[in-house]
Every structure is written in C-alpha cells, then in structure tokens.
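Understanding the architecture of this molecule
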Amino acid sequence: SDDPEAGGVAARRSADLARRYRFDQTLAAAVALEAYVHARLRRPTELRRCVDEARALAAGVPDIEVKTSTAKALSALVEEDRTAARRHLCAGLKAAARGGDYSAVPAVGLLALLRQVDGSDDEAPEIEIPRASVHFLASAFLRYADAVAAGRSGNEKGAVALITAGDLTLADHASFRHLG
C-alpha cells in the first residue's frame, strides 16, 4: 500500500517496543522513519518533534542523521523547495559517509536527481553518486537522474526507458513518484 499512515503505524509500533526494551538507537530509527510520514503528509510540527527526538536519542549516529536529514529533505521536496532539500540531503549523506558505504541510502538517489536537474555544485562535493543501489528508492531516483542526462543528450528513447524503469521500481509507492 502507498498509504503513508500505514508506515506511521508500523514506525510507532516499533518505537513502542524499542521504548519498552530501552533500545534507544532502535527507538531513534523508528521515530526518524515516522518523520517520513509527517513529511509526506505536510505535518511540520510532528516532523520536527520526530527529528528532535531521534537526534536526542542517538546524537551524531550516522544512520539517524541520514534518516532525519532525509525526512527534512522529503518535506522540502513536498513543498517544492529544492534548495532546502539539497542542503538536507547533503548533510545526511555526509553523516552517512562517516559510517561507510552510503549507496543503499535513499538520499543518494534524491541527491543524484537534484544534481542532474540543478547542477553538481553543492555542500557535499565529496559525495560520489553510485551507478546503482540495492535500496528501491535510491535505485528509482538514480534511474530518474540518468533519464534527465539521457534526455539532455538527445537520447529520447533511453530517457523514456529509464523513467519507466524508475516508475516500475516505485509502482507500490506512488507518492514517491511525484518527487521525481
């Protein structure tokens, strides 16, 4: 289902269990993922609460930093503020890079698309965009970025094929297609 509330229910259930067993980093991850729901549904107060709670529980942890920054970037994209989205994605990916491989982080696909659309100059020039990702969101947005490049080079058929591939990857997550 593409219902963001279903994701919110799962995140809150995970958070409740993590609270019960005092797994603070798991709790931080669950609360950070709940923030994605609030971003998609344009709930800035709830988004801020989740981001603040997650960061308080696991301050400086790369996984939590990238999740909370991505939630803020999603909110900015929903509001059509690509500059803010890019700033949040760069911050999150810089944190993720401290933890090692970031190719499976959804933010890398979103940043790839923004770099392709708006140019490569940003706050994270050290972040290299991978050719592929095992994460469905990153993979789809990497295809959309490749589609922009193909279209700009005059390869219309290639661009359409890449868009179709990205759309198929997001078939069960239609709301994310509106970001691409």
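The structure contained in this document is the topic of the report that follows.

Procedures and definitions
- Residues numbered from 1 in each chain as written.
- Predicted model: local features only at pLDDT ≥ 70, side-chain atom pairs only at ≥ 80, totals over all residues.
- Heavy atoms only, no water.
- Helix = DSSP H or I, 4+ residues; strand = E, 2+ residues; numbered from the N terminus.
- Rg over C-alpha atoms; globule rule 2.2 N^0.38 Å.
- Buried < 20%, exposed > 50% of the residue type's maximum accessible area, 1.4 Å probe, protein only.
- Axes fitted to C-alpha atoms, helices over the stretch in contact; angles between N-to-C directions.
- Parallel < 35°, antiparallel > 145°, perpendicular 65-115°, else oblique.
- Contact = heavy atoms within 4.5 Å.
- Nonpolar A, V, L, I, M, F, W, Y, C, P; charged D, E, K, R; others polar.
- Phe/Tyr/Trp six-rings, centres within 6.5 Å; stacked < 30°, edge-to-face > 60°.
- Lys NZ or Arg CZ within 6 Å of the ring centre and 35° of its normal.

Now for the overall build of the protein. Within the protein, the regular secondary structure consists of 9 helices and 0 strands. Here the C-alpha radius of gyration of the protein, 16 Å, is about what a compact globule of 180 residues would show, namely 16 Å. Projected onto its principal axes, the C-alpha positions of the protein cover 55 × 35 × 25 Å. In the protein, which comprises 180 residues, the proportion classed as buried is 46%.

Below, the discussion takes up the packing of helix α4 (residues 62-78) against helix α5 (residues 82-98). Any two packed helices are characterised by how steeply their axes cross, that is the angle between the axes, and by the distance between the axes. For the pair α4 and α5, interaxial distance at closest approach is 8 Å and the crossing angle is 170 degrees. By the criterion of interaxial angle, the relationship of α4 to α5 is roughly antiparallel. Between α4 and α5, the contacting residues are Pro-62, Glu-65, Val-66, Ser-69, Lys-72, Ala-73, Ala-76 and Leu-77 on the first element and Arg-82, Ala-84, Ala-85, His-88, Leu-89, Ala-91, Gly-92, Leu-93, Ala-95 and Ala-96 on the second. Grouping the amino acids of the contact of α4 with α5 by side-chain chemistry returns 12 nonpolar, 3 polar and 3 charged.

With that out of the way, let us pick up the environment of Arg-86. Checked against the element boundaries, Arg-86 lands in helix α5. On the basis of relative accessibility, which here comes to 8%, the residue Arg-86 falls in the buried class. Distance in space between the C-alpha atoms of Arg-86 and Glu-123 is 8.5 Å, their sequence separation being 37 residues. Setting aside anything within four residues of it in sequence, one finds Arg-86 in contact with Leu-111, Leu-114, Arg-115, Asp-118, Gly-119, Ser-120, Asp-121, Asp-122 and Glu-123.

What follows concerns the packing of aromatic side chains. Each pair of aromatic rings is reported with the distance of its centres and the angle of its planes. Summed over all chains, the structure comprises 2 aromatic pairs. Aromatic side chains Phe-141 and Tyr-144 sit 5.4 Å apart centroid to centroid with 80 degrees between the ring planes, which places their arrangement in the edge-to-face category. Pair noted here: Phe-141 and Tyr-144 are both in helix α7 (residues 136-152), with a separation of 3 residues, about one helical turn. The pair Phe-141 / Tyr-144 is uniform in exposure class, with both members buried. Between the NZ or CZ atom of Arg-40 and the centre of the ring of Phe-176, over which it lies, the distance is 4.9 Å.

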